[in-house]
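Chain by chain, the residues run as shown.
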Amino acid sequence: MATVTIRYWAAAKEAAGVGEEICEANSLAELMTKITRNRETLATVVKRSSFLVDGDPVGRRAHEEVLLGDGVTVEVLPPFAGG
């Protein structure tokens, strides 16, 4: 099981109630399941978010296929409003 740092930005940070936390997971899908358990607001934000794993965009890859190594950082990026 890999130890992963999760960084939340904008609405994800607000929904999580923290800017960063540590979790154990082997894939992005497993990580998303763990961090959203009993956190409905965060689950809603995560569904609309994009992700970076050690700075690399996940894009449209299936989250089950995105394997996480020990010590990686996953950033949760909700859609940003701008003008």
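Model, not experiment: these values are computed from the prediction.

Rules used in this analysis
- Residues numbered from 1 in each chain as written.
- Predicted model: local features only at pLDDT ≥ 70, side-chain atom pairs only at ≥ 80, totals over all residues.
- Heavy atoms only, no water.
- Buried < 20%, exposed > 50% of the residue type's maximum accessible area, 1.4 Å probe, protein only.
- Helix = DSSP H or I, 4+ residues; strand = E, 2+ residues; numbered from the N terminus.
- Arc of directions from axis to C-beta.
- Contact = heavy atoms within 4.5 Å.
- Salt bridge = Lys/Arg side-chain N within 4 Å of Asp/Glu carboxyl O.

Visitor: How should I be thinking about helix α2 (residues 28-36) in this particular structure?
Guide: In an α-helix there are 3.6 residues to a turn, and that puts residues three or four apart on one side. Taken residue by residue, α2 has L28, A29, L31, M32, I35 and T36 as its buried positions. Taken end-on, α2 shows its buried residues confined to a sector of 160°, consistent with a single buried face. Packing partners of the buried residues in α2 comprise β1 (3-8), β2 (20-24), α3 (40-48), β3 (50-53) and β5 (73-77). Directly beyond the C-terminal end of α2, a positive phi value near 60° is found at N38.

Visitor: I'm lost on α3 in this one. Help?
Guide: All of the buried residues along α3 are L42, A43, V45 and V46. Viewed along the axis of α3, the buried residues span an arc of 165°, placing them on a single side of the element. Across α3 from its buried face, at more than 90 degrees, point the exposed residues E40, T41 and K47. Buried residues along α3 sit against β1, α1 (11-16), α2, β3 and β5.

Visitor: Teacher, can you tell me more about the pattern of salt bridges here?
Guide: Pairing of side chains with opposite charge becomes possible as their charged atoms draw close. Throughout the structure, instances matching the rule amount to three salt bridges. With a shortest N-O distance of 3.1 Å, E20 and R7 are connected by a salt bridge. With a gap of 13 residues between them, E20 in strand β2 and R7 in strand β1 connect regions that are remote in the sequence. Salt-bridge contacts for R39 lead to E21; the nearest nitrogen and oxygen are separated by 3.0 Å. Residue R39 is found in the loop between α2 and α3, and its partner E21 is found in strand β2; the two are separated by 18 residues along the sequence.

Visitor: Please clarify how the environment of M1 should be interpreted in this entry.
Guide: Mapped onto the fold, M1 is located in the segment before β1. On a C-alpha basis, the gap between M1 and S27 in space is 9.3 Å, while along the polypeptide they are 26 residues apart.

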